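A structural walkthrough
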Amino acid sequence: MIGPDIAGIAEKLGVAADDATAIPQLAAETGLDVDAAYAVQTALVKRRLDRGERLVGLKMGLTSKAKMAQVGVDEVIWGRLTDVMRVPDGGAVDVGDFIHPRVEPEVAFLLDRLPDPGEPVGSFTRAVRAVAPAIELIDSRYANFTFSLPDVIADNTSAAAFVVGPWSPVPDGLDNLGVLLEIDGRVAQVGSTAAILGDPRRALDEGLRLAGRHGVRLRKGWVFLAGAATAAVPLRPGAHVRATVEKLGSASLKALS
Ligand code: OOG
Ligand code: MG
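What you see as residue numbers is a count from 1 along each chain, following the sequence as written. Key to labels: chains lettered from A, ligands numbered from 1, both in the order written. Restriction of local features to residues with pLDDT of at least 70 applies here, the model being predicted, together with a cutoff of 80 or more for giving and counting side-chain atom pairs; totals for whole chains, interfaces and linings are based on all residues. Water and hydrogen atoms play no part in the side-chain values, which are based on all heavy atoms of the structure.

Focus: the overall build of the chain
The cut-off we apply is this: We count a stretch as a helix when DSSP gives it H or I for four or more residues in a row; a strand needs E for two or more, and each element gets its number in order from the N terminus. Radius of gyration: over C-alpha atoms. The globule rule applied is 2.2 Å multiplied by the number of residues raised to the 0.38 power. Two residues qualify as a contact provided that any one of their heavy atoms is within 4.5 Å of a heavy atom in the partner residue. Accessible surface area values rest on a Shrake-Rupley calculation with a 1.4 Å probe, where residue burial reflects the displayed protein chains alone. For the purpose of charge, His is not counted, nor are the chain termini; Lys and Arg are scored as positive and Asp and Glu as negative. All charge positions are set by atom: Lys at NZ, Arg at CZ, Asp at CG, Glu at CD.
Each helix and strand in the chain was counted, giving seven helices and 13 strands. Here the chain has a C-alpha radius of gyration of 17 Å; the compact-globule value for 257 residues is 18 Å, and the two agree. In the chain, of all internal contacts separated by at least 6 residues, the share reaching a separation of at least 24 is 74%. Only carbon and sulfur atoms are counted for the fraction: they give 52% of the accessible area of the chain, which is about 10,800 Å². Averaging the locations of the 28 positively and 32 negatively charged side chains of the chain gives two centres separated by 4 Å.

And the structure:
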């Protein structure tokens, strides 16, 4: 049997991102399952690496119920981050570079010595050098921001851009810190780090386990996004976005008008 055209699907998704033009979902039509979808993601990210981008981290997706409910997919997923996706804290993006961008508040980890797959969460303090508030800008390449599980995996889990706030040493507890997303100084979303798999440290275990299944090992110096604590909010031209995590401070982003 001939399987799905991994390279062809990756090219379509890559062009959709480059041109900021939505495409129809393609997993059902092409018979893409989860494993084939991760193969598409690998090819899609390789397309970026081939033009000089560098891998700088890993992101988790759908680690909170709020996110699962928003997009109607209830499995934890992971994707890759490159240097070109990183926007400096307080920096600006052009909404026109994206299809239908949304922003969401996240917790970022700076990876140090990595535990082996399956090592318990107790190893977390050795594996993580620092923690920071973060904003992820997601932009599904599919029309209407609607997708199935293999569709969103193939699309590198909607990864488009991210901002990391100031790094701090890991505080004693990370499991119940307040999270706030403000747009133009108004509260848009409120949550808690408890929404992220009960404790965002668990997202690291999940990332190691799930990416490990596909032969991907996390590296020292990488940024790790644990997944949004709340639903994502559309990013409009001219908006000022701030994500605050209790004890950790804030990260911010502007959208050019
Ligand atoms: C998929 C990516 C989810 C998160 O933090 O949950 C994600 C999407 O919502 O488009 O990044
Ligand atoms: Mg996210």
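There's plenty left to go through after this.
What about the coordination of the magnesium ion (ligand 2)?
Operational definition: The rule for donors is simple: an N, O or S atom within 2.8 Å of the metal counts, and for Na, K and Ca the reach is 3.2 Å. Water is not among the atoms, so a site may look short of donors. Only protein chains enter the accessibility calculation, which uses a 1.4 Å probe; a residue whose area is less than 20% of its type maximum is buried, one above 50% is exposed, and one in between is partly exposed.
Protein coordination of the magnesium ion (ligand 2) is provided by E104 (OE), E106 (OE) and E136 (OE), with donor distances spanning 2.0 Å. Site description for the magnesium ion (ligand 2): donor spacing in sequence, E-x1-E-x29-E. Comparing E104 with E106 shows no difference in burial state: the two are buried.

Some words on the pattern of salt bridges
This is how it is decided: Salt bridge, as applied in this entry: a Lys or Arg side-chain nitrogen positioned within 4 Å of an Asp or Glu carboxyl oxygen.
With the rule as written, the count across this model stands at 14 salt bridges. With a shortest N-O distance of 3.5 Å, R51 and E53 are connected by a salt bridge. Overall, R51 belongs to the partly exposed group, its relative accessible area being 46%. Under the relative-accessibility criterion, E53 is labelled buried at 9%. Linking D112 and R129 is a salt bridge whose minimum nitrogen-to-oxygen distance equals 3.8 Å. Taken as a pair, D112 in the loop between β5 (102-111) and α5 (124-127) and R129 in strand β6 (residues 128-138) lie far apart in primary sequence, 17 residues in all. Overlapping salt bridges, with partners in common, bring together E11, D18, R47, R48, R51 and E53 in one network.

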